[in-house]
Amino acid sequence: MALSVPGYSPSFKKPPETLRLRRKRAQSLRVPGSPTTEPAARRAALAAGLPLRPFPAAAGTGNGTPCRRNPFARLDNRLPAAPEVPDEPRRGQQEAPGSVLGSNQEQDQLLEEKVPEQPRITELPTTLPVPFSETDIPSSECTELPVDWSIKTRLLFTSSQPFAWAEHLKAHEEARGLVQHCRATEVTLPQSVQDPRFSTELRCAFQQSLIYWLHPALPWLPLFPRIGADRKLVGKTSPWSNDETLQHVLMSDWSVSFTSVYNLLKTKLCPYFYICTYQFTVLFRAAGFAGSDVITAFISPTTRGLREAMKSEGIEFSLPLVSENAHKKKSSETSLGHGEEQAISDEDEEESFSWLEEMGVQDKIKKPDILSIKLRKEKHEVQMDHRPESVVLVKGINTFTLLNFLINLKSLVATSGPQAGLPPTLLSPVAFRGATMQMLKARSINVKTKALSGFQDQFSLEITGPIMPHCLHSVTTLLKSSQGGSFSAVLYTHEPTAVFNICPSVDGVMDKNAHMELANCGLHPKTRDQLSRIPLLGKSSLRHIEMSNYTYNWRS
């Protein structure tokens, strides 16, 4: 049964009386100073709990006449209104019995509403806070950046001072920068360069910091990054994809280059180099870097098949992140020893099948065999494949075994797809046999940004390409002098290489002679000192840098 409310009817029965009440209402609205009251029928309907929708009054009418609602709209489709004053429904209940309303009168009166109050507008702050992600790690102020062994794909520097000095180098400045790089010339700039546009030393040093060495060199193909690069290589010419003879020649040449750069690393004439394949990336570091007194090699990401193949070749390696998690788990356990835990685990396995014997169905249900138990134990190894936790660390003489393993590894090169038959990419800060000198791309951009007093000039410098750790340190050192110790930067990381920032286990105190022997590795002394420090970033990498008054603030 429908709820009965005095003065409220959804039907149309008495048009003459409705018209008469309309004229009466119009006369009452023309009375000056008369307050707009809520209809009694509406108050009665609200008191009965009927869902009614509030409608805004018409704006712009001089006499305050409320606007009609859409007759085709639903009455129950209303916005959540503010709670009304408790005594208004009581007044509506008192007035409703005494008012004799027609069936169409309340249909019009329900459409009338008071003019809603204008919402208060609060001023927004001029500077919005920068959101931090869950992995953002704010740092304290420091004069040096932490070492970052990941490869960057893009750097975007911004400053209030122009970067015009970084473009349009003269012929002799470009030639001098190339010679400085090949001869590993040390360039020391003052703390602040007065006029960077006319500083030849600054421009030549900037040219020197953008150089890197690459193998193979195919100008029509982007050879970095290689992981997930199939889309960029689709449609590119690759005459070796279906020619096995050409593939063999390319791999033989690549093996010679790989061996050459490893020998330079072994003799401490090369600080580090990268191998970028279509599945994983390898970082070789010379002894004396990252707090290690032996050669180290990181591989990330890996799969269980690759790790099993390395074991079968006799390569000793470790899983630093898995070992660290296991060590934490072991330290959290307090009471039971190893023997008691093993006994309890065996007892649990026996008790897990004892209930079958009690029910008499032990012969009908097949117990898991040794193979299924082994697969269950190895499940966690498969789950970490292609993840940062699968990073592999190889040390010492095992890196030479890893060299031969990678040269003979058939899965090192893709057999199908756009990268079929294409050897991995070798990246190094110094020259090696078969390498080609390459240059990072740099361009400056000037834009107008909003400020409190209008618009102000904002200058930016963008660097793209495979940006290795030594380049990041060299460029930030140059900008410290050219931009007056004030700039900010956004860093874009090649994510598979971010895990290279984990701290390897150090067996003992590093010999001081190991660091002194790196003087001929081709890096600036300050860059060499920075890369010799122990990494602190873990699985993360630098994402944002801000320098103010020659002091760094960074986030990872």
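See the structure shown above.
S.K.: How should I be thinking about the layout of surface pockets in this particular structure?
M.R.: To find leftover empty space, one rolls a probe the size of a water molecule over the atoms. If you add up the space inside the second largest pocket, you get close to 620 Å³. In terms of lining residues, the second largest pocket is bounded by 31 residues, among which Val 187, Ser 474, Thr 477, His 524 and Thr 527 are the most central. Broken down by secondary-structure element, the contributors of at least two residues to the lining of the second largest pocket are helix H6 (200-209), helix H16 (469-482) and helix H18 (525-531). The dominant element in the lining of the second largest pocket, judged by the number of residues it contributes, is H16, at eight residues. Residues of the lining of the second largest pocket, tallied by class, amount to eleven nonpolar, 16 polar and four charged.

S.K.: Just checking my understanding: could you explain unusual backbone geometry for this structure?
M.R.: The bulk of non-glycine residues show a negative phi, and the bulk of peptide bonds are trans. In this structure, Pro 216 follows His 215 across a cis peptide bond, with omega equal to -10 degrees. With an omega of -15 degrees, the peptide bond between Ser 300 and Pro 301 qualifies as cis. Checked against the element boundaries, Pro 301 lands in the loop between strand S5 (296-300) and helix H9 (304-312). One non-glycine residue, His 168, adopts positive backbone phi at about 55 degrees. The backbone of Asn 549 sits at a positive phi, close to 55 degrees, despite the residue not being glycine. In this fold, Asn 549 is placed in the loop between strand S13 (544-548) and strand S14 (551-555). Overall, the relative accessible area of 63% leaves Asn 549 in the exposed class.

S.K.: Honestly, empty space enclosed by the protein in this entry has me stumped. Any pointers?
M.R.: Inspection of every chain in the model, using the stated rule, returns one cavity of 30 Å³ or more. Counted as a void, the largest cavity has a volume near 60 Å³. Lining the largest cavity are Leu 145, Pro 146, Val 147, Asp 148, Pro 469, Leu 472, His 473, Thr 476, Gln 530, Leu 531 and Leu 542. Elements with a contribution of two residues or more to the lining of the largest cavity: H16 and H18.

S.K.: Help me understand the side chain of Thr 493 in this model?
M.R.: Position of Thr 493 among the secondary structure elements: in strand S12 (residues 487-493). Owing to a relative accessible area of 10%, Thr 493 belongs among the buried residues under this scheme. Among the polar contacts listed, one links the side chain of Thr 493 to the side chain of Ser 541, at a separation of 3.0 Å. Beyond its immediate chain neighbours, meaning those up to four positions away, Thr 493 contacts Ser 150, Ile 151, Lys 152, Ala 498, Ser 541, Leu 542 and Arg 543.

S.K.: Can you help me understand the sheet that holds strand S3 (residues 272-276) in this one?
M.R.: Strand pairing within a sheet occurs via backbone hydrogen bonds; the two strands may be parallel or antiparallel. Reading across from one edge, S6-S7-S5-S4-S3-S8-S2-S9 is the order of the eight strands in this open sheet, with antiparallel pairing throughout. Looking at strand neighbours, the two that pair on one side only are strand S6 (317-318) and strand S9 (436-439), the edges of this open sheet. The strands that helix H8 (residues 244-266) touches are strand S2 (211-215), S3, strand S4 (281-285) and strand S8 (425-428); relative to S3, the one it contacts most, it runs at about 155 degrees. Contacting S3, S4, S5 and strand S7 (392-395), helix H15 (residues 398-408) runs over the sheet at an angle of about 120 degrees to S7.

S.K.: Looking at this model, I keep getting lost on the packing of helix H5 (residues 171-182) against H6. Mind explaining?
M.R.: The axes of two packed helices give the description: the angle between them and the distance between them. Running from amino to carboxyl end, H5 crosses H6 at an angle of 55 degrees, the nearest separation of the two axes being 8 Å. Viewed along their axes, H5 and H6 adopt a mutual orientation that is oblique. As H5 packs across H6, the resulting crossing turns out to be right-handed. For the pair H5 and H6, contact is made by His 172, Glu 173, Glu 174, Arg 176, Gly 177, Leu 178, Gln 180 and His 181 and by Thr 200, Glu 201, Arg 203, Cys 204, Ala 205, Gln 207 and Gln 208, respectively. Here the contact of H5 with H6 is built from residues that sort into three nonpolar, seven polar and five charged.

S.K.: Please explain the sheet that holds S12 as it appears in this structure.
M.R.: The six strands lie next to each other as S10-S11-S1-S12-S13-S14, forming an open sheet whose pairing is antiparallel. Single-partner strands in this sheet number two, and they are strand S10 (441-451) and S14. The mean inter-strand angle of the sheet, taken between neighbouring strand axes irrespective of direction, is 20 degrees. Alignment of strand S1 (residues 152-159) against strand S11 (residues 454-467), held across seven bridges, turns out to be antiparallel. Residue Lys 152 lies in a different strand from S11, and its bridge partner there is Ile 467.

S.K.: I would appreciate a short explanation of H6 in the present structure.
M.R.: Residue pairs spaced three or four apart in an α-helix point in one direction, given the helix's 3.6 residues per turn. For H6, the tally of buried residues reaches eight of ten residues, placing the bulk of the element in the interior. Within H6, burial applies to Leu 202, Arg 203, Cys 204, Ala 205, Phe 206, Gln 207, Gln 208 and Ser 209. On its buried face, H6 sits against H5, S2, S9, S10, S11 and H16.

S.K.: Can you help me understand the pattern of salt bridges in this one?
M.R.: Proximity of charged atoms lets side chains of opposite charge pair with each other. Using the criterion set out here, one finds ten salt bridges in the structure. Here Glu 517 and Lys 268 are joined by a salt bridge, their closest N and O atoms 2.7 Å apart. Of this pair, Glu 517 sits in the loop between helix H17 (512-516) and H18 while Lys 268 sits in the loop between H8 and S3, placing them 249 residues apart in sequence. Owing to a relative accessible area of 12%, Lys 268 belongs among the buried residues under this scheme. As a salt-bridge pair, Arg 443 and Glu 462 come within 2.7 Å of each other at their nearest N and O atoms. Placement of Arg 443 in strand S10 and of Glu 462 in strand S11 is noted, with a sequence separation of 19 residues between them. For Arg 443, a relative accessible area of 46% gives the class partly exposed. Judged by relative accessible area, which is 11%, Glu 462 ranks as buried.

S.K.: Looking at this structure, I do not really get the packing of H6 against H16. What am I missing?
M.R.: Where H6 meets H16, the axes come as close as 9 Å, and the angle between the chain directions of the two elements is 165 degrees. The angle between H6 and H16 places the two elements in the roughly antiparallel class. For the crossing formed where H6 meets H16, the hand is left-handed. Each of Leu 202, Ala 205, Phe 206 and Ser 209 in H6 lies in contact with H16, whose residues at this interface are Cys 471, Ser 474, Val 475, Leu 478 and Ser 482. For the contact of H6 with H16, the residue count by class is six nonpolar, three polar and no charged.

Basis of the calculations
Position labels on residues start from 1 in each chain and follow its written sequence. Residue-level local features of this predicted model are given only where pLDDT is at least 70; pairs of side-chain atoms are given and counted only at 80 or more, and the full residue set underlies all totals for whole chains, interfaces and linings. Side-chain numbers come from the whole structure's heavy atoms, not from hydrogens or water. Put simply, the grid is 1 Å and covers the protein atoms alone, a cavity is a trapped set of points that fit a 1.4 Å probe, a pocket is an open set with protein on both sides within 12 Å along at least five of seven lines, and lining residues have an atom within 4 Å of a point. Grid points are joined across faces, edges and corners, and a volume is the space filled by probe spheres set on the points. A run of H or I in DSSP becomes a helix once it reaches four residues, and a run of E becomes a strand once it reaches two; helices and strands are each numbered from the N terminus. In the scheme used here, Gly and all other residues not listed as nonpolar or charged are polar, with Ala, Val, Leu, Ile, Met, Phe, Trp, Tyr, Cys and Pro taken as nonpolar and Asp, Glu, Lys and Arg as charged. Burial classes follow relative accessibility: with a 1.4 Å probe on protein chains only, a residue under 20% of its type's maximum area counts as buried, one over 50% as exposed, and anything between as partly exposed. By the criterion applied in these results, polar contacts are pairs of N or O atoms within 3.5 Å in which, for protein atoms, one can donate a hydrogen and the other can accept it, and in which residues neighboring in sequence qualify only through two side-chain atoms. Any two residues whose heavy atoms approach within 4.5 Å at even a single point are treated as in contact. A pair of strands is treated as paired once DSSP finds two or more bridges between them. The angle between two axes is taken between their N-to-C directions and runs from 0 to 180 degrees, where each axis is a line fitted to C-alpha atoms and a helix contributes only its stretch in contact. Reported orientations rely on four angle classes, namely roughly parallel under 35 degrees, roughly antiparallel over 145, roughly perpendicular from 65 to 115, and oblique for the rest. When the near helix sits turned anticlockwise from the far one by under a right angle, the crossing is termed left-handed; a clockwise turn instead gives a right-handed crossing. Salt-bridge detection follows one rule: a side-chain nitrogen of Lys or Arg within 4 Å of a carboxyl oxygen of Asp or Glu.

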